[in-house]
Amino acid sequence: MNSLLKITNIKKNYVTDKEEIEAIKDISLDVYQGEILTLIGSSGCGKSSLLSILSGIDQASSGFYLFNKENPKIGYMLQNDALFPWLTIYQNALLGLKIQKNDTNENKEYVKKLFQKYKLEEFMDKYPHELSGGMRQRVV
Ligand SMILES: Nc1ncnc2c1ncn2[C@@H]1O[C@H](COP(=O)(O)OP(=O)(O)O)[C@@H](O)[C@H]1O
Ligand SMILES: [Mg+2]
């Protein structure tokens, strides 16, 4: 069976003004359709770095990965949410649409429906600090 995702010899170094950090030494693995895979490792071993590369947020220093699918849909729940503390969670959720000048009534209704779906409709006017970590992640 062909793998859905093939990761081959990915390495990641972060270069800062002070040092070069070897975050991922060399990882290769295959992920198959329907498989649930868990990456386990101590803090700082490079798990988030790999996920950032696979989701396209960051680039590998070397190596490559291949999704055996055209336009794969990738959902990535970030460890830290990037909600703006001075906006309510509803305003946060609408921000992307607003910037794109696409905050039409229809889209606003859709966003409200998503808040219902994720059981957050009672909290739409709350600020991020008034929510639990799990609730904030559901907003993201
Ligand atoms: N943007 C960055 N700049 C410099 N170093 C980073 C950066 N992101 C992560 N690192 C370093 O890379 C290593 C792996 O980090 P990370 O992938 O976040 O680990 P994990 O998610 O497994 O805890 C750590 O040593 C961390 O300090
Ligand atoms: Mg992490």
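What you see is a predicted model; the values in this text were computed from it and never measured.

The local shell around ligand 1 consists of Y14, T16, I21, A23, G41, S43, G44, C45, G46, K47, S48 and S49. Only β2 (20-31) and α1 (47-54) provide two or more residues apiece to the shell around ligand 1. Broken down by class, the residue content of the shell around ligand 1 amounts to 4 nonpolar, 7 polar and 1 charged.

Split into domains, the protein comes out as domain 1 (5-67) and domain 2 (89-139). Measuring from the centre of the C-alpha atoms in domain 1 to the corresponding centre in domain 2 gives 31 Å.

Another point: helix α2 (residues 89-99). Taken together, the buried positions of α2 are I89, N92 and A93. Down the axis of α2, the buried side of the element spans an arc of 100°, and every buried residue falls inside it. Of the exposed residues in α2, the ones pointing more than 90 degrees away from its buried face are K98 and I99. Each element contacted by the buried residues of α2 is listed here: α3 (105-117) and α4 (133-139). Positive phi shows up at K101, right after α2, with a value of about 55°.

Here we come to the sheet that holds β2. Strands sit in the order β2-β1-β3 across an open sheet of 3 strands; the sheet is antiparallel. Of all strands in the sheet, those bounded by a partner on one side alone are β2 and β3 (62-67). For this sheet, the mean inter-axis angle between neighbouring strands, taken without regard to orientation, is 20°. Taken together, the 8 bridges between strand β1 (residues 5-15) and β2 define a ladder with antiparallel strand orientation. Directly across from L5, in β2, lies its bridge partner V31.

On to the nonpolar core. Counting 6 residues, the largest nonpolar core is built from I10, A23, I24, L50, I53 and A60. Those elements that place two or more of their residues in this core are β2 and α1. I10 has contacts with I24, I27, L50, I53, A60, G63 and Y65, leaving out every residue within four places of it along the chain.

Here we come to the environment of L131. By the secondary structure assignment, L131 is in the loop between α3 and α4. Placed 14 residues apart in sequence, L131 and K117 show a C-alpha to C-alpha distance of 17 Å. If sequence neighbours within four positions are ignored, L131 has contacts with I89, F123, K126 and R136.

Considering the arrangement of structural elements, one finds S62 in strand β3. Along the backbone, S62 and I10 are 52 residues apart, and their C-alpha atoms lie at a distance of 5.7 Å.

About the thresholds
Residues numbered from 1 in each chain as written. Chains lettered and ligands numbered in written order. Predicted model: local features only at pLDDT ≥ 70, side-chain atom pairs only at ≥ 80, totals over all residues. Near = placed C-beta within 6 Å. Helix = DSSP H or I, 4+ residues; strand = E, 2+ residues; numbered from the N terminus. Nonpolar A, V, L, I, M, F, W, Y, C, P; charged D, E, K, R; others polar. Domains from an automatic or database assignment. Buried ≥ 20, exposed ≤ 12 C-beta atoms within 10 Å, placed from the backbone. Arc of directions from axis to C-beta. Contact = placed C-beta atoms within 7 Å. Pairing = 2+ DSSP bridges. Axes fitted to C-alpha atoms, helices over the stretch in contact; angles between N-to-C directions. Core = buried A, V, L, I, M, F, W, Y, C linked by C-beta atoms within 7 Å.

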